[in-house]
Every structure is written in C-alpha cells, then in structure tokens.
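Structural features, examined
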Amino acid sequence: MNFLQQLPKPFFVLAPMDDATDTVFRQVVADCAPADLYFTEFVNVDGLQSPGREKLMKKLQFTAKEKPLIAQIWGKVPENFRKTVDELVAMGFAGIDLNMGCPVKEVVKNGCCSALINDRDLAAEIIKATQEGAAGRVPVSVKTRIGFSEVDLSWLEFLLGHNLDMLAIHGRTRKEMSEVPAHWDLIGEVRKLRDKIAPNTLIVGNGDVQSLEQGKQLAEQYSLDGIMIGRGVFQDPFVFAENSRWENYTKEQRVGLYKKHVELFAKTWQNRERNIKTLNRFCKVYISGFDGAKELREKLMAANTTEQLLNLLASA
Ligand SMILES: Cc1cc2nc3c(=O)[nH]c(=O)nc-3n(C[C@H](O)[C@H](O)[C@H](O)COP(=O)(O)O)c2cc1C
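Below, the structure is looked at part by part. Please read these numbers as outputs of a predicted model, since none were measured by experiment.

Examining the environment of Phe-265
- Position of Phe-265 relative to the elements: it lies in helix 11 (residues 251–268).
- Judged by relative accessible area, which is 5%, Phe-265 ranks as buried.
- For the pair Phe-265 and Val-24, spaced 241 residues apart in sequence, the C-alpha separation works out to 6.0 Å.

Below, the structure written as structure tokens:
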C-alpha cells in the first residue's frame, strides 16, 4: 500500500500550475489552509538530463511544509524519465506524476504531453521507464485530459491498463483548452472504467472547482477519490479550508498576505531565479476586494524589485 491510499476521502490536491505553484506559493497556501497533496510545476526531463539542468532546478525546490509533494515531469525520451525519476526519489519526492495533458502548442508540436494521447506507443514506453525508475519506491501517476480533438475514453482505458497508482483527469479535451466547462460526467465515466479495469488506481477529478464544498459534492456525485483545484486558489487562497475566511479578509490582512508572499519570494529566489513579473499574478489574487485595490495594484505591478514592492506595501 502506498501513501496515496491512506489520504482522506475525498482528498484535495493543489494542481500543478507553471510559474505559479512554486515552493513560495505552495508554502503560502499551506499556511492559509493546507491541501492534502501538492504537485510541482511540470519539469522537463530532457532538460534535466542536459547542460541546461541548473535552470530547471528552481522548479524542484521545496520545503517540509509542502508535503506530501509529487514531482510532475514531462519530456520525450524514455531513458531520461528513468534517470530523472531515480534522482527525484533520492531528493525526497513522495511520488512522480507524468504530464500527459498540457495543451500548449510548442509542447504538442514536439510530440509531448497531450500529444501522447495520439502516440500510445511512446506513452507506454514513458510509463514503463518511469515505473522502472521508481521501482515501487514511490507511486507513479498520470495527469491528462479526456481526449485530443474529440472525447476519447479509449485513451483513459489505455492508461488504466498500465497499473498506475493515481489518474488525475482534467475534464476537457486538448482542443477545448480551457474554453468550455469541464465535463464532470465524463470524469464519472472514467471512474466506472476504473472499477472494471484497475480497481487500485485512484481517480482524481479536475476542472473549474471553486470551493471545498463544491469539490466534496462532485466527489460524492461521481464517487471520486480526490479533487484537484487549480485556478480556484487564485480566487481564494483559503480554498482548501472547511470555512474559507477570504471573503471577510480585510484590506490590511490582504496586503499582509501579499507582503508575506513577496518576502518569501525575495528570500527564496535571491539569485533572481524567478522573474519578478511572475508576482503580478499574485498581486491580482491578494490586492482585490477593497476600496482602492485597483489603484494600488497598478502601482505594485509597475515595481521592478521586491524592495520597491515591500515599500509600496508598507505604505498601503
Ligand atoms: C497558469 C497555469 C499553469 C498550468 N501549468 C500546468 C502544469 O505545469 N502541469 C499541469 O499538469 N497542468 C497545468 N495547468 C493545468 C491545471 O493544473 C489544471 O488542470 C487546469 O487549470 C484546470 O483546473 P482548474 O479549473 O481547477 O484551474 C496549468 C494551468 C494554469 C492556469
């Protein structure tokens, strides 16, 4: 039995979001209201096994607060998956997830992520290399979509035939990007397939969940093991709380939370590993919902250093 089997039901997962759910934001979320499980941003194994490795290491940084933490990887060359997984286990990651859902054009053109929906031989090789690299030491999972151009449950059936510990399903096709509501009924169909094909694979539903309450209701309706929340955390940093305090958070508290995020960012990325402009997404999260928020945001988003940001926040 692996640790995923021992998580509460349903368990709640903070979704991987590139340039957003880094160690800094995961720590902020964990302090507001912890998720049951965290993912890193997706990290390219071919890059990790090349001279460009150092530049990618920032995506694998973590602290004890963000646990349990799964490393999410993607790439093209099965051997690089095998090597990387061995290293990730040694670094202390609790599990390995394979990104087979990213819809971004450059990634798909290169035959990676959601393109694997149409290249099952390579998908199978990647899963095999990863499972061999993990050698039963940590669980191996896949995060994917419900099809490429069309809904295609044969893809999910295929994945369920590969002895995965967990399958996270974003309820849209690649073609749908994020433009239509997630098809939760189809996530429910995958859960039924799971019962027939792979009773031990945990099923996690993902797409448009805005609150813990809504997630619990969806998990119950479709008998899911877990719920993954992505953008919902930008609407409410306390989204994993039983009773979110966000709506009643005062201006001072919101400014204080952004200050905490910026201070942690400055401390963590002392060598400018992250572009300061990646903070602007969080400025919109925290600096909202009070009089004068828009004007303050405009000033904050024009700042070019964390010192400037902290000075502006101190006088807000
Ligand atoms: C800015 C951003 C970055 C993302 N990066 C990743 C990623 O690195 N890996 C991944 O599997 N999904 C990624 N996603 C997709 C999310 O994990 C999630 O599947 C999607 O946003 C739908 O869930 P939501 O409606 O709860 O946000 C990203 C989404 C966003 C908005």
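Additional details are given in the paragraphs that follow.
Some words on the pattern of salt bridges
- Inspection of every chain in the model, using the stated rule, returns 24 salt bridges.
- Lys-65 is the partner of Asp-31 in a salt bridge, and the nearest nitrogen-oxygen pair spans 3.0 Å. Of this pair, Asp-31 sits in helix 1 (residues 23–32) while Lys-65 is found in the loop between helix 3 (53–56) and strand 3 (69–74), placing the two residues 34 residues apart along the sequence.
- A cluster of three or more residues bridged by salt bridges with shared partners is formed by Asp-18, Asp-19, Asp-22, Glu-41, Lys-59 and Arg-274.

Digging into unusual backbone geometry
- Here the amide bond leading from Lys-9 into Pro-10 is cis, since omega sits at -10°, within 30 degrees of zero.
- Considering the arrangement of structural elements, one finds Pro-10 in the segment before strand 1 (11–14).
- With omega at -5°, the peptide bond leading from Lys-67 into Pro-68 counts as cis.
- For Pro-68, the position within the fold is in the loop between helix 3 and strand 3.
- With phi around 50°, Ala-135 is a residue other than glycine that occupies positive phi space.
- In this structure, Ala-135 sits in the loop between helix 6 (120–134) and strand 5 (140–145).
- Residue classification places Ala-135 among the exposed residues on the basis of a relative accessible area of 54%.
- The backbone phi angle of Asn-163 is positive, close to 55°, even though this residue is not glycine.

Section: the site of the ligand
- Close contacts around the ligand come from 16 residues, with Pro-16, Gln-72, Asn-206, Asp-208 and Arg-231 the closest.
- Phe-42 is positioned with one of its backbone polar atoms (N or O) 3.3 Å from an oxygen atom of the ligand.
- At a separation of 2.8 Å, an oxygen atom of the ligand approaches a polar backbone atom of Gly-230.
- Protein chains bury 84% of the 610 Å² of accessible surface belonging to the ligand in isolation.

Re helix 7 (residues 153–160)
- Inspection of helix 7 places Trp-155, Leu-156, Leu-159 and Leu-160 among the buried residues, and these make up the whole buried set. Along the axis of helix 7, the buried positions cluster into a sector of 135°, meaning they face one direction only.
- On the buried face of helix 7, the contacting elements are strand 4 (95–100), helix 6, strand 5, strand 6 (166–170), helix 8 (184–197) and strand 7 (202–206).

Thoughts on the layout of surface pockets
- Taken as a whole, the largest pocket spans an internal volume of roughly 740 Å³.
- Considering the residues around the largest pocket, the lining is formed by 31 residues, among which Pro-16, Met-17, Lys-143, His-170 and Ser-178 are closest to the centre.
- Listing elements by their share of the lining of the largest pocket, those giving two or more residues are strand 5, strand 8 (226–229) and helix 10 (232–235).

Observations concerning the sheet that holds strand 1
- Pairing in this closed barrel of 8 strands is parallel, and the strands run 1-2-3-4-5-6-7-8 around the ring. Averaged over all adjacent pairs, the angle separating strand axes in this sheet is 25°, with direction ignored.
- As judged from the 5 bridges shared by strand 5 and strand 6, these two strands associate in the parallel manner. Bridging across to strand 6, Arg-145 finds its partner in His-170.
- Together, strand 4 and strand 5 form the strand contacts of helix 6, whose direction differs from that of strand 4 by roughly 170°.

Considering the state of the cysteines
- The final tally for this structure, using the stated rule, is 0 disulfides.
- Free cysteine Cys-32: the closest other cysteine sulfur is in Cys-283, separated by 16 Å.
- On the accessibility criterion, Cys-32 (14% relative accessible area) is buried.

A few points about helix 8
- In a regular helix each residue adds 1.5 Å, so 14 residues correspond to 20 Å; helix 8 covers 20 Å between its end C-alpha atoms and thus fits that length.
- For helix 8, the complete set of buried residues consists of Trp-184, Leu-186, Ile-187, Gly-188, Val-190, Arg-191, Leu-193 and Arg-194.
- Buried residues belonging to helix 8 abut helix 7, strand 6, strand 7, helix 9 (212–221) and strand 8.

A word on the side chain of Thr-130
- Structurally, the position occupied by Thr-130 is in helix 6.
- Taking relative accessible area as the criterion, Thr-130 reaches 0% and is therefore assigned buried.
- Polar contacts involving the side chain of Thr-130 include one to the main-chain carbonyl oxygen of Ile-126, which spans 2.8 Å.
- Not counting the four nearest positions on each side in its chain, Thr-130 is found in contact with Phe-81, Val-85, Ile-96, Leu-98 and Val-140.

What counts and what doesn't
Residues numbered from 1 in each chain as written. Predicted model: local features only at pLDDT ≥ 70, side-chain atom pairs only at ≥ 80, totals over all residues. Heavy atoms only, no water. Helix = DSSP H or I, 4+ residues; strand = E, 2+ residues; numbered from the N terminus. Buried < 20%, exposed > 50% of the residue type's maximum accessible area, 1.4 Å probe, protein only. Salt bridge = Lys/Arg side-chain N within 4 Å of Asp/Glu carboxyl O. Near = heavy atom within 4 Å. Polar contact = N/O pair within 3.5 Å; in protein donor to acceptor, adjacent residues only side chain to side chain. Areas by Shrake-Rupley, 256 points an atom, 1.4 Å probe, with all protein chains shown as cover. Arc of directions from axis to C-beta. Contact = heavy atoms within 4.5 Å. 1 Å grid on protein atoms, 1.4 Å probe; cavity = no way out; pocket = protein on both sides within 12 Å on 5 of 7 lines; lining within 4 Å. Points joined across faces, edges and corners; volume = space filled by probe spheres on them. Pairing = 2+ DSSP bridges. Axes fitted to C-alpha atoms, helices over the stretch in contact; angles between N-to-C directions. Disulfide = S-S within 2.5 Å. Expected span 1.5 Å × (residues − 1).

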